Amino acid sequence: MIEDKKVSAKILLVEDEESLASGLEYNLTEEGYLVDWAKDGKEAIEKINKCEYDLIILDIMLPYHNGFEIAFRVRQKDPKIPILVLTARTTLEDKIKGFEAGADDYLTKPFHLQELLLRIKGMLKRKRWYLSSIKQNPVYKLGDCEINFDNLKLKKGKNEFNLTHFEAILLKYLIENKGRVISRKELLENVWNMNPEIEIRTVDMFISRFRKYIEDDPSEPVYIKSVRSSGYLFEAEDEK
């Protein structure tokens, strides 16, 4: 990852619990961020349509439009803006649904403020690294796959998939570390900024999704290989 820099960022906070929102708004402002608060899904969509944001903090259970709907609309406008889901819904199914809707990170309530601030810092850092890394080579070809890291489209033969921003970041990290075994711990710490002791399943879930995108036979992967007790190895002889 690139070296961190102090950069002012504009954040949209979407939260209907007023006491929590006011506390978060105060603490984020104290950290130097510019914060807009939307108290429901309708107001969130209005703000998203009018303003440009560097990051969105998004509750799931909201009046008018839920967080999944809002994430989907955000992705239609800007596929690369980081979205942090902040919710009381804790099941793996909810996490998967959040990631599929376009979330880049998922933090459950109750949470520690310091953890939230660290995750925000990590997401903004990854965004800067990603935008910098795709400037020279926004398109990557892998066999009959073409991955466009600018518009987040992945084409394989006649099929086309829309990547989430987070999926693109993870795939970019694997490509940039081609030929080296990458542990789950490394991916969780450098890409997710998550606790490697509790989120191992998250890595495996995303790797499984990538294999369905790019492998001819996901059960016998050629590009993203599992290394027993170690992690994953990305190999691509025909990279362009």
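Structural data are supplied above this passage.
From a predicted model like this one, the values you see are computed outputs, not experimental measurements.

Counting through the fold element by element, D40 comes out in the loop between β2 (34-38) and α2 (41-50). Here D40 sits buried without a salt bridge, and the closest side chain of opposite charge, K39, lies 4.5 Å off (N-O distance). Reaching out from D40, the side chain makes a polar contact with the backbone nitrogen of K42 at a distance of 3.1 Å. Setting aside residues no more than four positions away along its own chain, D40 makes contact with V14, P63 and Y64.

Strand order in the open sheet formed by 5 strands is β2-β1-β3-β4-β5, and the pairing between neighbours is parallel. What marks the edges here is a single partner per strand, and that holds for β2 and β5 (105-108). This sheet shows a mean twist of 20° between the axes of neighbouring strands, independent of strand direction. Summarising the sheet, strand β1 (residues 10-14) and strand β3 (residues 55-58) pair through 4 bridges and their orientation is parallel. Opposite L12, over in β3, you have I56 as the bridge partner. Each of β1, β2 and β3 touches α2; the most contacted strand, β2, lies at about 140° to it.

Running from amino to carboxyl end, helix α6 (residues 165-176) crosses helix α7 (residues 184-192) at an angle of 125°, the nearest separation of the two axes being 11 Å. As the angle between them shows, α6 and α7 are arranged oblique. Judged by the sense of rotation from one axis to the other, the crossing of α6 with α7 is right-handed. Residues F166, I169, L170, Y173 and L174 of α6 pack against E186, L187, N190, V191 and W192 of α7. By residue class, the composition of the contact of α6 with α7 is 8 nonpolar, 1 polar and 1 charged.

The full count for this structure, using the stated rule, is 18 salt bridges. Its salt-bridge partner being E15, residue K109 comes within 2.9 Å of it at the nearest N-O pair. Separated by 94 residues along the polypeptide, K109 in the loop between β5 and α5 (113-133) and E15 in the loop between β1 and α1 (18-30) bring together distant segments of the chain. Residue E15 is classed as buried on the basis of its relative accessible area, which comes to 1%. The salt bridge partner of D204 is R184, with a shortest N-O separation of 2.9 Å. Of this pair, D204 sits in helix α8 (residues 200-214) while R184 sits in helix α7; the two residues are 20 residues apart in sequence, bridging distant segments of the chain.

So, how was this worked out
Residues numbered from 1 in each chain as written. Predicted model: local features only at pLDDT ≥ 70, side-chain atom pairs only at ≥ 80, totals over all residues. Heavy atoms only, no water. Helix = DSSP H or I, 4+ residues; strand = E, 2+ residues; numbered from the N terminus. Buried < 20%, exposed > 50% of the residue type's maximum accessible area, 1.4 Å probe, protein only. Lys, Arg positive; Asp, Glu negative; His and termini not counted. Salt bridge = Lys/Arg side-chain N within 4 Å of Asp/Glu carboxyl O. Polar contact = N/O pair within 3.5 Å; in protein donor to acceptor, adjacent residues only side chain to side chain. Contact = heavy atoms within 4.5 Å. Pairing = 2+ DSSP bridges. Axes fitted to C-alpha atoms, helices over the stretch in contact; angles between N-to-C directions. Parallel < 35°, antiparallel > 145°, perpendicular 65-115°, else oblique. Left-handed = near helix turned anticlockwise from the far one by under 90°. Nonpolar A, V, L, I, M, F, W, Y, C, P; charged D, E, K, R; others polar.

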